[in-house]
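# Coordinates in review
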Amino acid sequence: MNSIFATIILPVDIKKKNNFIIESFYDETNNLTIDTIKNQKFEQSPSQFSFGHKRANLWFKLQIHNQSLENKFILYFTEPYYNEVVLYKKINDKYIEDKNGLIVKLENRSILNHKPTFELLIKENEIKTYYIKANSKLTSSNEFEIYTKKHFNTIYGQYQDFLYMFYFGTIFFITLINLFLYIRLKEKIYLYYSAYTFFYLLWVSAYSGLILHTIIDGYFHEFIMVTSLFVMFLILFSAEFLNIKTYLPKMYKFLNIFALVFALLSILIVYSFQPWFEVMNNLASVAFLLLFSIAIYIWKKENDKNVKYYLFAMTIYMITISLMSAMVNGWIESNDINRYSFLFGSFFEIIFFALILTNRFYIAQNEKLKIQKELILFKTNNEILLENQIKERTSNIKSLVEEKELLLKELYHRVKNNFHMVIGLLSIESNIFENKDFKNSFSKIITRIKAMSLINEYLYESDTLSKIDCADYIEKIIDEITIAYEKENILINKNIELLNIDIDSAVSLGMIVNEILTNSIKHFDKKDICIINLEIKKEKNQIILTIKDNGKGFIENNKQKGLGLKLIKQFSNKLAKSNYKFIQDNGTKFILSFTSI
């Protein structure tokens, strides 16, 4: 066919020119150059074309007749994934190369654009012929468009990129929502869907070329590994959405292994683009058909509502993705519907599943609120029941405690009376003897018994039976000793902190104080005043008892022979973490430390 029919006319009112006829030639040898290609026979092709997967060079011949008033034009490739695109323009009878495509980084291109773009200078009514050499590792589908430079630099020349950015923003927002839902619910389905939409977003950003504006520029084919990852997460998401684990447990395990195969393929694609990308594409087709077949099987067998939704959304998606796949393979013509319908199909599918998953979240939240209300009602009823039981049991316990306290007080009263009876008998017995040593012995026994009886007397008169007021109790012991030795010249100075101690500690402490005081008075020289300083204080967790007299002190060798000292040792051992010592310094100083329970 004569090449005059392939002449591209740029009319007077031109802003954008598309859907015109070009001439093409496939160089299977990959050896032709600009000097030899001119002698080849070109065939006419539409400006929007698809020759399938061609690995060798494609040559295009564009004869352009400028009938407009403009002289600056932009020749625009609509696909960014061509590995190499070289424009040959004749200047001074010599063809000059203008290289573009993935082999040229954005910063080194004559026009900063992620798609192959060339500037053409054609004077008014001038006819120019351009040759273009192109090759791709993916597919040979593409569309040539011609713009006036003024129009190309306006927003109308970049409308596709703006549509893509809106598309990316929407899907990214959906990704974030599902990631948030995963964090809230901890359900794998939301994580898989977030990953699926995220990697799908990266895949579309690669095919749109916008990814070249990032650090990926120069690693486009390695980056295509995201295709394998989005298929992997689509399989995992579908397995959860269709509840395959419940209906077909063995198939669920197989799908998980199959998904891992795509993870492995993503690594292999980075290592070597071909043949692994082609292997991945073939397996992806198998995966789509397998998922669709499983969904139909479960729908027929279980009539699950979610499966109906899945089939509806995936049918639309698969139809549109199949149109694009057939186009890039050269099986059907290249046009905007076949090229871009997958974007609308996938957009619908992603939005549709996002709405279902969001509704699933709201259902889960409502179920959670319902359960919470039931639990609150159950808790309230239980609390009322428990409160009544507690009141009843508290009343019973209170009665038992009051009864026990009454019995204990009666016991303490009787023990106190018995002690007083014993003390009375000992007092009568001591009056029989004239021997002073006998009388002193009886007096010491009586003070010891009184020290013990004071506890029972204190408890009988007290409102509490668990703790003893240390100061009040010790002062009563001192008063009893003072009365017993009223004929002696005694001065006892007291400095007792307000402390509460347990009953067992109080008994032992009282006996020790009684023994120390009686010993101090007993061994004192009757010619002087017996001065005794008694101090009880608390330091940290320890209670410190200090008794200091101005007597003659102990004879060290006889220290362990008396009964009083043995009693002091015995009762000290009953005190928790106790330690005591005697210091001879102008009298005797006794220091005891212990811990009250």
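Predicted model, so just to flag it, every value in this text is computed and none were measured. (Residues numbered from 1 in each chain as written. Predicted model: local features only at pLDDT ≥ 70, side-chain atom pairs only at ≥ 80, totals over all residues. Heavy atoms only, no water.)

### Examining the overall build of the chain
Across its full length, the chain holds 15 helices and 19 strands. Here the chain, with 597 residues, has 46% of them falling under the buried criterion. In the structure as shown, the chain presents an accessible area of about 32300 Å², 58% of it carried by carbon and sulfur atoms. (Helix = DSSP H or I, 4+ residues; strand = E, 2+ residues; numbered from the N terminus. Buried < 20%, exposed > 50% of the residue type's maximum accessible area, 1.4 Å probe, protein only. Areas by Shrake-Rupley, 256 points an atom, 1.4 Å probe, with all protein chains shown as cover.)

### A few points about the pairing of strand 8 (residues 84–91)
One ladder, built from 5 bridges, connects strand 8 with strand 11 (residues 127–135); its direction is antiparallel. Counted as the bridge partner of Leu-87 is Ile-132 from strand 11. Of the strand pairs in this sheet, strand 8 and strand 9 (residues 94–100) are connected by 7 bridges, and their pairing is antiparallel. Counted as the bridge partner of Lys-90 is Tyr-95 from strand 9. Linking strand 8 back to strand 9 in an antiparallel pair, the connection comprises 2 residues, with Asn-92 at a positive phi of about 55°. (Pairing = 2+ DSSP bridges.)

### Here we look at the nonpolar core
Of all hydrophobic cores here, the largest spans 108 residues; its most connected members are Tyr-200, Trp-203 and Phe-262. Not counting chain neighbours up to four residues away, the residues in contact with Phe-262 comprise Ser-228, Val-231, Met-232, Ile-235, Met-280, Leu-283, Ala-284 and Ala-287. (Core = buried A, V, L, I, M, F, W, Y, C linked by side-chain atoms within 4.5 Å. Contact = heavy atoms within 4.5 Å.)

### Comments concerning the side chain of Thr-227
Within the fold, Thr-227 resides in helix 6 (residues 226–241). What makes Thr-227 buried here is its relative accessible area of 5%. Within the structure, the side chain of Thr-227 is placed 3.2 Å from the side chain of Trp-203, a separation counted as a polar contact. Those residues in contact with Thr-227, other than ones at most four positions away along the chain, are Trp-203, Phe-277 and Met-280. (Polar contact = N/O pair within 3.5 Å; in protein donor to acceptor, adjacent residues only side chain to side chain.)

### Some words on helix 10 (residues 305–328)
Taking 1.5 Å per residue, 24 residues should reach 34 Å; helix 10 reaches 35 Å between its end C-alpha atoms and fits that length. Its side-chain oxygen placed 2.8 Å from the backbone nitrogen of Asn-306, Asp-304 serves as the N-cap of helix 10. (Expected span 1.5 Å × (residues − 1).)

### Structural notes on the environment of Ala-239
Looking at where Ala-239 falls in the secondary structure, it is placed in helix 6. Judged by relative accessible area, which is 4%, Ala-239 ranks as buried. The spatial distance from the C-alpha of Ala-239 to the C-alpha of Met-251 is 9.0 Å, given a sequence separation of 12 residues. Residue contacts for Ala-239: discarding those within four places in its chain leaves Ile-244, Lys-245, Tyr-252 and Leu-255.

### Points about the pattern of salt bridges
The final tally for this structure, using the stated rule, is 7 salt bridges. A salt bridge links Glu-79 to Arg-339; the nearest nitrogen and oxygen atoms lie 2.6 Å apart. Separated by 260 residues along the polypeptide, Glu-79 in the loop between strand 7 (72–77) and strand 8 and Arg-339 in helix 11 (residues 336–432) bring together distant segments of the chain. With respect to class, Glu-79 is no different from Arg-339; both count as buried. A salt bridge links Glu-387 to Lys-391; the shortest N-O distance between them is 3.7 Å. Residue Glu-387 and its partner Lys-391 are both found in helix 11; the two are separated by 4 residues, about one turn of the helix. Since its relative accessible area comes to 42%, Glu-387 is described here as partly exposed. (Salt bridge = Lys/Arg side-chain N within 4 Å of Asp/Glu carboxyl O.)

### Details of the packing of helix 6 against helix 10
Running from amino to carboxyl end, helix 6 crosses helix 10 at an angle of 155°, the nearest separation of the two axes being 11 Å. With respect to helix 10, the axis of helix 6 lies roughly antiparallel. On helix 10, the residues that touch Phe-230, Leu-234, Ser-238 and Phe-241 of helix 6 are Asn-306, Tyr-310, Met-314 and Tyr-317. (Axes fitted to C-alpha atoms, helices over the stretch in contact; angles between N-to-C directions. Parallel < 35°, antiparallel > 145°, perpendicular 65-115°, else oblique.)

### A word on unusual backbone geometry
A cis geometry characterises the amide bond from Gln-274 onward to Pro-275, with omega recorded as 15°. The residue Pro-275 is located in helix 9 (residues 273–302) in this model. Even without a glycine there, the phi angle at Lys-186 is positive, about 60°. Under the relative-accessibility criterion, Lys-186 is labelled exposed at 57%.

### A closer look at the packing of aromatic side chains
Scanning all chains against the criterion turns up 48 aromatic pairs. Considering the side-chain rings of Tyr-196 and Phe-230, the 6.1 Å spacing of their centres and the 40° angle between planes classify their relative orientation as tilted. Note that Tyr-196 is positioned in helix 4 (residues 188–208) and Phe-230 in helix 6, a separation of 34 residues in sequence. The same class applies to Tyr-196 and to Phe-230, which are both buried. Positioned above the aromatic ring of Tyr-26 is the side chain of Lys-54, whose terminal nitrogen or guanidinium carbon lies 4.7 Å from the ring centre. (Phe/Tyr/Trp six-rings, centres within 6.5 Å; stacked < 30°, edge-to-face > 60°. Lys NZ or Arg CZ within 6 Å of the ring centre and 35° of its normal.)

### Looking at the packing of helix 6 against helix 8 (residues 249–271)
At a closest axis distance of 8 Å, the pairing of helix 6 and helix 8 adopts a crossing angle of 170°. The orientation of helix 6 with respect to helix 8, classified from their angle, is roughly antiparallel. In this structure, helix 6 contributes Ser-228, Leu-229, Val-231, Met-232, Ile-235, Leu-236, Ala-239 and Glu-240 to the contact, and helix 8 contributes Tyr-252, Leu-255, Asn-256, Phe-258, Ala-259, Phe-262, Ala-263, Leu-265, Ser-266 and Ile-269.

### Re the side chain of Ser-136
Mapped onto the elements, Ser-136 comes out in the loop between strand 11 and strand 12 (142–148). The buried category is assigned to Ser-136, whose relative accessible area is 5%. A distance of 3.0 Å separates a polar atom in the side chain of Ser-136 from the backbone nitrogen of Leu-138. Polar contacts involving the side chain of Ser-136 include one to the main-chain carbonyl oxygen of Thr-139, which spans 3.1 Å. Not counting residues within four places of it along the chain, the set of residues in contact with Ser-136 comprises Lys-54, Arg-55, Tyr-81, Tyr-82 and Asn-83.

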